[in-house]
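Tertiary structure, described
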Amino acid sequence: MSLRIAIHGKPFTGDTKSLMEDLWADILSKNCQITLSEIFKSHLIEHGFDVNSIPAYSSTEGPNQVDMAWSIGGDGTLLETLTHIGSKMIPILGINTGRLGFLATISPQEVSQALDFLIDGNYRVEERGLVEVKTEVDLFENKSFGLNEVGIMKTDTSSMIVIKAYVDGNYLNSYWADGLIVSTATGSTGYSLSVGGPLVMPTSDIFIIAPMSPHNLNVRPLVVSSDTHLRFEVSSRSQNFLISIDSRSKVVDSQFSIEVQKAPFPARLIKIPGDDFLQTLRNKLNWGLDVRN
């Protein structure tokens, strides 16, 4: 039985069209049943790909009756693909057409072998915890979950904000800062890392609460269980601030109370043989390299 694959990809340029042509030929050579996201199908047609007869799905409804989803692009494209999948929990394979990512770890040159692994069932599915935001208003149109992090940040033009944080109903701290990040274990290699958060094995059941440019230098990132219920109250002189989930953001006024908790469903990422987080970590961060050797 052929694999049923939903595919979403980021727009590509004429310079990278040949790479996509080789990738597409690999996929078609295995007689897979393909469904494309509407936006990616339109982009392929614009670049002369013969995909008119291939069915498409909308990003709001997501794919149905597929075995897995493929994300072709970078880590951002995989996060976008996850919003298409949502609670359907369809496993996602990340194919990276740019620089090596932490989420999209398969290179285009590895796609043919990866397909053989998938057809033979020689892969594993890794569950990753998601973070969910709850506010009085549905800011993210029923897609209020993220794989990497939730950010509460000042807008570009405003001064710092004050964020009162509560853990399971107990007062934790008031952060005078540019913002605050609540990161998942998966997101520990993302925005959280850039503000001094720790690196965490991605399947760990934790959240990292990390301030952005805090006024008090003795404030440090805090690791809590992902079963923890977090609540934040924000005040700002400019009367507005940003809430972000992964790469999506909204400007809101400071009357909001924000609740953050573990989403009721996980993301499911496909891992083929040789796809190893520690190896990716060494490659991305240049660990173990010494110019003296």
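Every chain is numbered on its own, with residues counted from 1 as its sequence reads. Totals for whole chains, interfaces and linings use every residue, but because this is a predicted model, local features are given only for residues with pLDDT of at least 70 and side-chain atom pairs only at 80 or more, for both listing and counting. Computation of side-chain values covers all heavy atoms of the structure but excludes hydrogens and water.

**Comments concerning the layout of surface pockets**
- In this analysis a 1.4 Å probe is tested at points of a 1 Å grid over the protein atoms alone, and where it fits but cannot get out there is a cavity; an open set with protein on both sides within 12 Å along at least five of seven lines is a pocket; lining residues have an atom within 4 Å of a point. Grid points are joined across faces, edges and corners, and a volume is the space filled by probe spheres set on the points. Reported here for the largest pocket is a volume of approximately 280 Å³.
- Along its surface, the largest pocket is lined by 16 residues, and S59, E80, T83, K143 and R248 are the ones closest to its centre.
- Strands here are runs of E lasting at least two residues and helices are runs of H or I lasting at least four, both read from the DSSP assignment and numbered beginning at the N terminus. Mapped by element, the contributors of at least two residues to the lining of the largest pocket are α3 (75-85) and β17 (248-253).
- Counting residues per element, the lining of the largest pocket draws most heavily on α3, at four residues.
- By the convention adopted, Pro, Cys, Tyr, Trp, Phe, Met, Ile, Leu, Val and Ala count as nonpolar, Lys, Arg, Asp and Glu as charged, and the other residues, Gly among them, as polar. Class assignment for the residues of the lining of the largest pocket results in four nonpolar, six polar and six charged.
- Counted as a void, the second largest pocket has a volume near 190 Å³.

**A look at the sheet that holds strand β8 (residues 145-146)**
- Each pair of strands is called paired provided DSSP finds at least two bridges between the two strands. Taken in spatial order, the six strands line up as β8-β7-β18-β15-β10-β11 in an open sheet, and their pairing is antiparallel. Taken across any chain shown, the strands that pair with only one partner, and hence form the sheet edges, are β8 and β11 (170-177).
- As defined by bridge partners, strand β10 (residues 161-167) adjoins strand β15 (residues 230-235) across six bridges and the pair is classed as antiparallel. Within β15, the position partnered with V162 by the bridge is S235.

**Regarding the sheet that holds β17**
- Here six strands make up an open sheet; going across it, the order is β14-β13-β12-β9-β16-β17 and the pairing antiparallel. Pairing within the sheet leaves two strands with one partner each, and these edge strands are β14 (222-225) and β17. Here the strands of the sheet are splayed against their neighbours by 20° on average, with no regard to which way each runs.
- With six bridges joining them, strand β12 (residues 179-184) and strand β13 (residues 206-212) adopt antiparallel strand pairing. Bridge pairing links G179 to M212 in β13. To obtain each axis, a line is fitted to C-alpha atoms, and for helices this fit is confined to the stretch in contact; angles are then taken between N-to-C directions over 0 to 180 degrees.

**Side note on the pattern of salt bridges**
- Whenever a carboxyl oxygen of Asp or Glu lies within 4 Å of a side-chain nitrogen of Lys or Arg, that contact is scored as a salt bridge. Under the counting rule described, the total for this entry stands at eight salt bridges.
- Note that R4 and D67 form a salt bridge whose closest N and O atoms lie 3.0 Å from each other. Pair noted here: R4 is in strand β1 (residues 4-9) and D67 is in the loop between β3 (56-57) and β4 (68-73), with a separation of 63 residues, a long-range link.
- Think of it in three bands: with a 1.4 Å probe and only protein chains considered, a residue is buried below 20% of the maximum accessible area for its type, exposed above 50%, and partly exposed in between. Using a relative accessible area of 30% as the deciding quantity, one classes R4 as partly exposed.
- With its nearest N and O atoms 2.9 Å apart, the salt bridge here joins K30 to D116. Of this pair, K30 sits in the loop between α1 (17-29) and β2 (33-37) while D116 sits in helix α4 (residues 111-119), and the two are 86 residues apart along the sequence.
- Looking at K30, the relative accessible area reads 23%, which means it is partly exposed.
- Under the relative-accessibility criterion, D116 is labelled partly exposed at 34%.

**Some words on the nonpolar core**
- With 29 residues, the main nonpolar core has I5, I7, W24, I34, L36 and W70 as its most contacted residues.
- Elements with a contribution of two residues or more to this core: β1, α1, β2, α2 (38-46), β4, β5 (92-96) and α4.
- In contact with I34, other than residues within four places in its own chain, are I5, I7, W24, I27, I54 and P55.
- Judged by nonpolar contacts, the second largest core, of 27 residues, contains I161, V234, F241 and V260. Throughout, nonpolar core names a set of buried Ala, Val, Leu, Ile, Met, Phe, Trp, Tyr and Cys residues whose side chains join them through atoms within 4.5 Å. The contact definition used throughout considers only heavy atoms, calling two residues in contact when any of these lie within 4.5 Å.

**Regarding a nonpolar patch on the surface**
- On the surface, L199, L285 and W287 cluster together into a nonpolar patch covering about 250 Å² of accessible area.
- Mapped onto the secondary structure, L199 falls in the loop between α5 (191-194) and β13.
- Exposure remark for L199: the relative accessible area of 32% places this residue in the partly exposed category. To count toward a patch, a residue needs a relative accessible area over 30% and no salt bridge; like charges are then connected within 9 Å, while nonpolar side chains (Val, Leu, Ile, Met, Phe, Trp, Tyr) are connected within 5 Å. Accessible surface area values rest on a Shrake-Rupley calculation with a 1.4 Å probe, where residue burial reflects the displayed protein chains alone.

**With respect to the side chain of E149**
- Of note, E149 is situated in strand β9 (residues 149-153).
- Positive residues here are Lys and Arg, negative ones are Asp and Glu, while His and the chain termini are left out of the count. Despite being buried, E149 has no salt bridge partner; R248 is the closest side chain of opposite charge, sitting 9.2 Å away.
- If we skip the residues at most four places from it in the chain, E149 touches V131, I181, V182, S183, G187, Y191, S244, I245 and D246.

**Notes on the UniProt feature "active site" (unreviewed entry) in the protein**
- UniProt positions are given in the numbering used here, feature names are shortened, and annotations may be inferred rather than shown by experiment. Under the UniProt annotation, "active site" (unreviewed entry) lies at D75.
- Locating D75 in the fold gives a position in helix α3.
- Sequence-distant contacts of D75, defined by excluding residues within four places in its chain, comprise G101, F102, L103 and A104.
- Any N or O atom pair separated by 3.5 Å or less is treated as a polar contact, with the protein-specific requirement of one donor-capable and one acceptor-capable atom, and with residues adjacent in sequence counted only for side-chain atom pairs. A polar contact is formed between the side chain of D75 and the backbone nitrogen of L103, at a distance of 3.0 Å.

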